[in-house]
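Coordinates in review
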Amino acid sequence: TTVTVSATASHPIPTTLWGQMFEDISSGDGGLYGELLQNRAFQQVTPGTSAALNAWSAVNRASISVVADSTPLSNALPNALRVQIPSGTTGQSGVANSGFFGIRVNSAWTYTASFFYRFPTASSFRGNAQVSLQASNGQVLGSATVALSGAQTSWTQVTVKITPTSSPSATNNLFVVSLDGAAASGQTINFGLFSLFPPTFKDRANGMRMDIAEALAEMQPSFFRFPGGNNLEGQTTATRWQWNNTVGPLTSRPGRVGDWGYINTDGLGLFEYLLWCEDVGMQPIMAVWDGFALGGTSVAEAAISPFVQQAIDQINFVIGDPTKSAPAALRSSLGHPAPFTLNHVEIGNEDFIGNSPSTVGYRWNHFATTLRSTFPQLRFLATSDLNSPVLSPQPQEWDLHVYQTPTWFAQNSFMYDGMARDGTLYFEGEYAAISTNPNDIFGSPADGRLTFPTVQSSVGEAAFMTGLERKLLVVLVVIICIPIHPGHHIGNSDIVFAASYAPLLNHVSNSQWTPNLVSFDSANVYRSTSFYVQKLFSLNRGDQYIPSTLPSQTGTLFWSVVSKQTNTIIIKVVNVATSAQTVTFRLPFSGIASTGTAQVLTGAATASNSPTTPNAVSPVTSSIEPASTFPYNAPANSLSVLTFGIN
Ligand SMILES: O=S(=O)(O)O[C@H]1C[C@H](O)[C@@H](O)[C@@H]1CO
């Protein structure tokens, strides 16, 4: 194959092209969000049930149960853990939490532990509670003590620091709050809102788990779509994600039954998401709920305006003027008086599921009409099937999703070339090769579903991604007839302004969906082969697109050429075949450097990075010798990123 490369760039690469899609799908609580205790505040549980005690257990004959406290810690947190220390016990007695399928204990860290307590009946008890991290055999790995008083009948919070004395490799450790059984014999104490935090990314209070945060930041994403995805929607209107329930003190956050089969604490809330975006240098692509819940209910047209108002308030929390808007004033009071960066707001999620198409017409109309007139500087994304039904007002942007086979991705890198050029911009908001079985994409592993990305799935995605980069070319000629929308860099001359693999992240011990870009357990992070594809594209995105001979749509070799600060050329070459192929580039540039680098991701088609083989496949860097006629031998099943200087 010979590829003739143009001497001049055709236009800029959108700066937002590569980023991340996030929702809590075994990825927020117990994952990116730093809290190490599961069911820390007994949110959304039924007192007196065993489910209410999820992740909690009694230590040394204590009697424990979740109660609806007659004096609730707060309106949002009405439940308490009642602990009765039995009479006649010796040794430490109390409660233990097993974390999210384990707790990592690291002696290099200082943990911050806290809880609220009160004595429902005043007592003369005065004594210490021991707050500790323990191995499963009871060995104390780290501990601190805090004085409790039986005179404390109203809620009070105590906080301690714990620096473990060892770092066991085992993670089936416990967080324990206990009292001396003899001294506390017969005492009854109510506890609420426990918390155990390790050090966090950028040392943020209520922040992110460092190793996961660092892995995500390593991809240098330009945007972060949140809070979903399905988890935005709720199974019912009442359980939808509501911004105002996720901000302010943790005692003001009731949590909610999420859409992935477990309770969300909402400790990772709107303010934490926005600070996270700033800390990583991403702009939000923020969703607002649009009147459809996944259980199939739609808000009636006549009842929709309060939900539109809630979306207005959510957006004002992000960008409003604190002197004019209460939500903006709330943002300011939390420590961020300046508005956050926000350009794109998504209205709903997958408004093509079930019966949502039957009501998306009026729902979109009310949300888009009101939000566009309230926030003319923002662009709003539709999430229904493209122009089916036809929406009014016409969407400025669409979020399209595709889950398919590796072969589908390799054969559809021209998907956007066929899109109508009418000024509409596209966000490929969710894409991933998830199954090798075209007849059962969403099936089980026995039917071809991937548990982790494989070299084959990742290279198929890479082929598709060269199309997302390349597609720029076809739109250039029509760019002049597109109304230039104020405040948007339509000069990027791009109809795909953003793309993100989904899902981003999952706990391997509690998956709701596979494969995922990054997996983790309580002590490790696993970077998949698709993570490396995303990272290679994101870190080598260039700033100008350079046209070249188009690949064959159904071939097995794909490429894209970009330049960076005019003096560097980056060629991405994808070979989806199971044998090596040579592609010869005819390079018209002057002053081609005699050496350059190749970063190559390749391996056996079915190879994966996983807990058992965490580093099976990762990019290998070697040198290349570019020239005006430059043959490159692309390995089987590979993505190669070739970089060299020109002048
Ligand atoms: O069941 S699906 O609709 O396929 O779920 C998908 C689509 C949805 O937006 C996202 O939350 C989820 C996994 O990424």
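In this convention, every chain numbers its residues from 1, walking through the sequence in written order. For this predicted model, a pLDDT threshold of at least 70 governs which residues receive local features, and a threshold of 80 or more governs which side-chain atom pairs are given and counted, while totals over whole chains, interfaces and linings are taken from all residues. Side-chain metrics rest on all non-hydrogen atoms present in the structure, leaving aside hydrogens and water.

With that settled, consider the overall build of the chain. Across its full length, the chain holds 11 helices and 33 strands. Throughout, radius of gyration means the C-alpha value; the globule benchmark is 2.2 Å times the number of residues raised to the power 0.38. Taking 2.2 N^0.38 as the reference for a compact globule, 647 residues should give roughly 26 Å; the C-alpha atoms of the chain span a radius of gyration of 27 Å, in line with that estimate. Principal-axis analysis of the C-alpha atoms places the extent of the chain at approximately 85 × 55 × 45 Å. For the exposure calls, accessible area comes from a 1.4 Å probe over protein chains only, and a residue counts as buried if that area is under 20% of its type's maximum, exposed if over 50%, partly exposed in between. Among the 647 residues that make up the chain, the fraction classed as buried is 60%. Contact between two residues is taken to exist if any of their heavy atoms lie within 4.5 Å; hydrogens are not considered. In the chain, once contacts between residues fewer than 6 apart in sequence are set aside, the share between residues at least 24 apart is 75%. Surface exposure here means Shrake-Rupley accessible area, sampled with a 1.4 Å probe, where a residue is shielded only by the protein chains that are shown. Approximately 22600 Å² of the chain is accessible, and the part contributed by carbon and sulfur atoms is 53%. Averaging the positions of the 29 positive and the 38 negative side-chain charges in the chain gives two centres separated by 6 Å. The helix and strand labels rest on DSSP assignments: H or I over at least four residues marks a helix, E over at least two residues marks a strand, and numbering proceeds from the N terminus. Under the counting rule used here, the positive set is Lys and Arg, the negative set is Asp and Glu, and His together with the chain ends is not counted. Each charge is placed at NZ for Lys, CZ for Arg, CG for Asp and CD for Glu.

When at least one non-hydrogen atom of a residue lies within 4 Å of a molecule or strand, that residue is treated as near it. Taken together, the neighbourhood of the ligand is formed by Glu-23, Gly-229, Asn-230, Trp-260, Asn-349, Glu-350, His-401, Tyr-403, Glu-430, Pro-503 and Trp-513. Interatomic distance of 2.8 Å between a backbone N/O atom of Asn-230 and an oxygen atom of the ligand. Contacts described as polar in this section are N or O atom pairs within 3.5 Å, which, within protein, must combine one atom able to donate a hydrogen with one able to accept it, while residues neighboring in sequence count only if both atoms come from side chains. Take Glu-430: an N or O atom from its side chain is 2.8 Å from an oxygen atom of the ligand. Protein coverage of the free-state accessible area of the ligand, which is 360 Å², stands at 86%.

Each domain of the chain was delimited in the assignment, giving domain 1 (2–11 + 542–645), domain 2 (20–32 + 202–539) and domain 3 (51–199). Using only C-alpha atoms to locate each centre, domain 1 and domain 3 end up separated by 56 Å. By convention here, the domain bounds are inherited from an automatic or database domain assignment.

The strands that make up a sheet pair up through hydrogen bonds in the backbone, lying either parallel or antiparallel. We call two strands paired when DSSP finds no fewer than two bridges between them. Overall, mixed pairing links the three strands, which are arranged 1-29-32 in an open sheet. Looking at which strands have only one partner, the edges of the open sheet turn out to be strand 1 (2–4) and strand 32 (629–634). Taking each pair of neighbouring strands and ignoring which way they run, the sheet shows an average axis angle of 25 degrees. Convention adopted: a line fitted to C-alpha atoms gives each axis, helices being fitted over their contacting stretch, and angles between N-to-C directions are expressed from 0 to 180 degrees.

Pairing of aromatic rings covers Phe, Tyr and Trp, the last through its six-membered ring, and needs centres within 6.5 Å; plane angles under 30 degrees mean stacked, over 60 mean edge-to-face, and all others mean tilted. Applying the stated rule across the entire model yields 35 aromatic pairs. Ring geometry for Phe-223 against Phe-427: centres 5.2 Å apart, planes inclined by 90 degrees, an arrangement best described as edge-to-face. One end of the pair, Phe-223, is in strand 14 (residues 223–226); the other, Phe-427, is in strand 21 (residues 425–433), with 204 residues separating them in the sequence. Of the two residues examined, Phe-223 and Phe-427, each falls in the buried class.

Before going further, it helps to examine helix 11 (residues 529–539). Counted residue by residue, helix 11 has nine buried out of 11 residues, so it is predominantly covered. Residues Thr-529, Ser-530, Phe-531, Tyr-532, Val-533, Gln-534, Leu-536, Phe-537 and Ser-538 constitute the buried set of helix 11. The N-terminus of helix 11 is capped by Ser-528, whose side-chain oxygen sits 3.1 Å from the backbone nitrogen of Ser-530.

What follows deals with the pattern of salt bridges. Each reported salt bridge corresponds to a side-chain nitrogen of Lys or Arg within 4 Å of a carboxyl oxygen of Asp or Glu. If you walk through the whole model with that rule in mind, you get 17 salt bridges. Across the pair Glu-218 and Arg-527 runs a salt bridge whose closest N-O atoms are separated by 2.9 Å. Of this pair, Glu-218 sits in the loop between helix 2 (210–217) and strand 14 while Arg-527 is found in strand 25 (residues 525–527), placing the two residues 309 residues apart along the sequence. Under the relative-accessibility criterion, Glu-218 is labelled partly exposed at 24%. Salt-bridge contacts for Arg-225 lead to Glu-430; the nearest nitrogen and oxygen are separated by 2.8 Å. Residue Arg-225 is found in strand 14, and its partner Glu-430 is found in strand 21; the two are separated by 205 residues along the sequence. An identical accessibility class is assigned to Arg-225 and Glu-430; each is buried. When salt bridges with common partners are traced through the structure, they connect Arg-225, Glu-346, Asp-399 and Glu-430 into a single cluster.

It is worth spelling out the side chain of Ser-74 at this point. Along the chain, the position of Ser-74 falls in the loop between strand 5 (63–68) and strand 6 (79–84). On the basis of relative accessibility, which here comes to 15%, the residue Ser-74 falls in the buried class. Of the polar contacts made by the side chain of Ser-74, one reaches the backbone oxygen of Thr-251; its length is 2.7 Å.

Along the chain, Gly-229 falls in the loop between strand 14 and helix 3 (230–233). Each C-alpha atom of the pair Gly-229 and Arg-541 lies 26 Å from the other, and the pair is 312 residues apart in sequence. Setting aside chain neighbours within four positions, we find Gly-229 in contact with Met-21, Glu-23, Asn-349 and Glu-430.

Expected span of a helix, by definition, is 1.5 Å for each gap between consecutive residues, and there is one gap fewer than residues. With 16 residues, helix 9 (residues 455–470) should cover 22 Å at 1.5 Å per step; its first-to-last C-alpha distance of 22 Å lies within 8% of that length. When you tally the buried positions in helix 9, you get 15 out of 16 residues, the bulk of the element.

Moving on, we get to the nonpolar core. To form a nonpolar core, buried Ala, Val, Leu, Ile, Met, Phe, Trp, Tyr and Cys residues must be joined to one another through side-chain atoms within 4.5 Å. Judged by nonpolar contacts, the single largest core of 111 residues is most densely connected at Leu-270, Trp-276, Ile-315 and Leu-371. Here this core spans two domains, and each of domain 1 (2–11 + 542–645) and domain 2 (20–32 + 202–539) adds at least three residues to it. Other than its neighbours up to four places away in sequence, Ile-315 contacts Met-286, Val-288, Gly-320, Leu-342, Val-345, Leu-371, Phe-375, Leu-378 and Phe-380. Core analysis: the second largest hydrophobic core is formed by 42 residues, Trp-56, Val-95, Val-146 and Phe-191 among them.

A word on the packing of helix 5 (residues 305–319) against helix 7 (residues 357–374). Where helix 5 contacts helix 7, the axes come no closer than 10 Å and their chain directions differ by 35 degrees. The handedness of the crossing between helix 5 and helix 7 comes out as right-handed. Residues Phe-307, Val-308, Ala-311, Ile-312 and Ile-315 of helix 5 pack against His-366, Phe-367, Thr-370, Leu-371 and Thr-374 of helix 7. Partitioned by chemical class, the residues of the contact of helix 5 with helix 7 number seven nonpolar, three polar and no charged. Two helices crossing with the near one rotated counterclockwise from the far one by less than a right angle form a left-handed crossing, whereas a clockwise rotation gives a right-handed crossing. Note on residue categories: nonpolar means Ala, Val, Leu, Ile, Met, Phe, Trp, Tyr, Cys or Pro, charged means Asp, Glu, Lys or Arg, and polar means any other residue, Gly included.

Before going further, it helps to examine the pairing of strand 29 (residues 581–586). In terms of strand pairing, strand 1 meets strand 29 through three bridges, oriented parallel. Along strand 29, the bridge assignment pairs Val-3 with Phe-585.

Trans is the prevailing form of peptide bonds, just as negative phi is the prevailing case for residues other than glycine. Gly-229 follows Gly-228 through a cis peptide bond whose omega is 15 degrees. Here the amide bond leading from Thr-514 into Pro-515 is cis, since omega sits at -5 degrees, within 30 degrees of zero. Following the sequence through the fold, Pro-515 ends up in the loop between strand 23 (505–507) and strand 24 (518–520). Phi is positive for Gln-220, which is not a glycine, with a value near 50 degrees. Within the secondary structure, Gln-220 sits in the loop between helix 2 and strand 14. Phi at Gln-565 takes a positive value of approximately 45 degrees, unusual for a residue other than glycine. You can see Gln-565 is positioned in the loop between strand 27 (557–564) and strand 28 (568–575).

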